[in-house]
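Chains, contacts and geometry: an overview
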Amino acid sequence: MDKIIIFDTTLRDGEQAPGASLNPKEKLEIAHALSDMGVDIIEAGFPIASKGELLSVQQIAKAIKGPVICGLARAIKADIDAAHEAVKHAKHPRIHVFLATSKIHMQYKLKKAEDEILRLAVEFTKYAKRFFPDIEFSPEDASRTEREFLFQVVEAVIDAGATTVNIPDTVGYTEPAEYGCLIKAIKENVPNIDKAIISVHCHNDLGLAVANSLEAIKNGARQVECTINGIGERAGNASMEEIVMSIRTRRDIFSDVDTQIKTNSIYKVSRLVSKLTGFVVAPNKAIVGGNAFRHESGIHQDGVLKERSTYEIIKPEDVGFTGTGIVLGKHSGRHALAERLKDLGFNLTTEQLNTVSERFKALADKKKTIFDDDLISIVEDEIKQIKPVWKLEGFVTNSGTKITPTAEVELKYKNKSLSAKSSGDGPVDACFKAIDKITGIKGELQDYRIEAVTKGKDALGEVSLKLKAKGKIVTARASSTDIIESSVRAYINALNKIESL
Ligand code: KIV
Ligand code: ZN
């Protein structure tokens, strides 16, 4: 059985998704989750991008012991030096050097001819090799590169010391049969290819990233680059959960390969990435979408009740989807709550459990049935990595079709209660304006979404928003049965994040 190496680039290509910025604490939290789920390689960032990015990759390299920690670099000395600085403390460091090889990139972006590109590829692979034995090289836009030139570059970088050669479909242009043939052709035409692992890196511009990656595996690729929830540049990267579950589900087709991903962590990690990036997972997204395991039609429900495999090709629990079964209510004790949270993968400290328990009791007073998703939402809401500067004491709103909406908000700041009143376009807007008056921070709301966490009139409403203030952009979430309260809490969470950066 061959192992398919899972190279996760959520923290690098994933974070390049427009608007998906993560702070160093959030990146570290995701890196821990990826390591726990069995990812082989974490591409932690592009260290030359900024001092903050370098330090964040360095922090991950020092803290995460299991997976290889990789830093990305262009074929430029300063980039490789920065990547080296960032990952040198990792137990297993890797530098990933890339240089475009397609005619279109060489002519318009790099303004260099083939011989110059070949020379630079070799020179900087050798330069990176001085630091570490584990070097990956990517001929960027490989799928649109002239075949003969691609073979030449791949052979040369392997001779120069690359141990992994990655074949990116940078613009998501290729289609499965074509990409599979390309991988096969590389195996057949690059004389020293057995000295390196062939990796694939697919973008989803035509919705084919996962299909292309799977076809590449069938043709000999043994490393797959992917992201949680498929986030990434433009239409995103190949989704890790879809690749892993395709291999796991179709043992008949992928009988000779497997990954070491603990699939029952998939749902939890997907939610974490969604929460921290502010990228909501579409309900119909394969594997991790809210509807992925819901059967609505009577015929389907009947079939599933008689025999699950009639309409279910994956057991929800295999990806850690705990469904929306009724778990707890008003009379459930603290012990039952702690046990359920443990089952959901949350090991809380006593202090954290006290906070969650209080929110749980308050919710149980308003809502008869509490679902797993309600609990997850409360935990994600309450267990913040950052110390809140601003705390909500309370608010009152007044709105309707015949009056101008107004709000009065009270916040705690350094043990002092501060309050302000404001009017607005609606009660939420009035609250936000009152908060701005109290904090003196002028926030620019760039995105605001509201979603019901579970079904029913008393469902929790989860607000996710993106806020720009003090030159920083953050995403934050909060939930409550009252959507004005979720909005206010999410806004305050965002302000606290901004204060912590
Ligand atoms: O899409 C791409 O080509 C990349 C490279 C840096 C590997 O992300
Ligand atoms: Zn990419």
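Look above for the structure.
Here's a quick rundown of the structure. Since the model is a prediction, treat every value here as computed from it, not as a measurement.

Conventions used here
Residues numbered from 1 in each chain as written. Chains lettered and ligands numbered in written order. Predicted model: local features only at pLDDT ≥ 70, side-chain atom pairs only at ≥ 80, totals over all residues. Heavy atoms only, no water. Patch = residues over 30% accessible without salt bridge, like charges linked within 9 Å, V, L, I, M, F, W, Y side chains within 5 Å. Areas by Shrake-Rupley, 256 points an atom, 1.4 Å probe, with all protein chains shown as cover. Salt bridge = Lys/Arg side-chain N within 4 Å of Asp/Glu carboxyl O. Helix = DSSP H or I, 4+ residues; strand = E, 2+ residues; numbered from the N terminus. Donors = N, O, S within 2.8 Å, 3.2 Å for Na, K, Ca; no water. Buried < 20%, exposed > 50% of the residue type's maximum accessible area, 1.4 Å probe, protein only. Pairing = 2+ DSSP bridges. Axes fitted to C-alpha atoms, helices over the stretch in contact; angles between N-to-C directions. Contact = heavy atoms within 4.5 Å. Near = heavy atom within 4 Å. Polar contact = N/O pair within 3.5 Å; in protein donor to acceptor, adjacent residues only side chain to side chain.

Let us look at a nonpolar patch on the surface. Together, Leu-445, Tyr-448, Ile-450 and Ile-483 make up an exposed nonpolar region whose accessible area comes to about 320 Å². For the nonpolar patch, the leading source of residues is strand 16 (residues 444-452), giving three residues. You can see Ile-450 is positioned in strand 16.

The protein atoms donating to the zinc ion (ligand 2) are Asp-13 (OD), His-201 (NE2) and His-203 (NE2), with metal-donor distances spanning 2.0 to 2.1 Å. For the zinc ion (ligand 2), the donor residues sit on a single chain with the sequence spacing D-x187-H-x1-H. Separated by 190 residues along the polypeptide, Asp-13 in helix 1 (residues 10-14) and His-203 in the loop between strand 8 (197-202) and helix 9 (209-218) bring together distant segments of the chain. On the accessibility criterion, Asp-13 (3% relative accessible area) is buried. In this structure His-203 comes out as buried when scored by relative accessible area, which is 4%.

A word on the sheet that holds strand 13 (residues 390-398). Across a sheet, strands are paired by hydrogen bonds formed along the backbone, either parallel or antiparallel in direction. Across the sheet, which stays open at both edges, the three strands sit in the order 13-14-15 with antiparallel pairing between neighbours. If you trace the sheet from one side to the other, it starts and ends with strand 13 and strand 15 (416-423), each paired once. Neighbour-to-neighbour, the strand axes of the sheet open up by a mean angle of 15 degrees, direction not taken into account. Where strand 14 (residues 406-413) and strand 15 come together, eight bridges link them in antiparallel fashion. Across the sheet, the residue bridging to Leu-411 is Leu-418, located in strand 15. Along the sheet, helix 17 (residues 483-500) makes contact with strand 13 and strand 14, crossing strand 13 at roughly 145 degrees.

Turning our attention to the site of ligand 1. In the neighbourhood of ligand 1, the contacting residues comprise Arg-12, Asp-13, His-96, Phe-98, Ser-138, Glu-140, Asn-166, Pro-168, Thr-170, His-201 and His-203. His-201 is positioned such that a nitrogen or oxygen atom in its side chain is 3.1 Å from an oxygen atom of ligand 1. The separation between an oxygen atom of ligand 1 and a polar side-chain atom of His-203 is 3.0 Å. When ligand 1 sits alone it has 260 Å² of accessible area, and the protein chains cover 94% of it.

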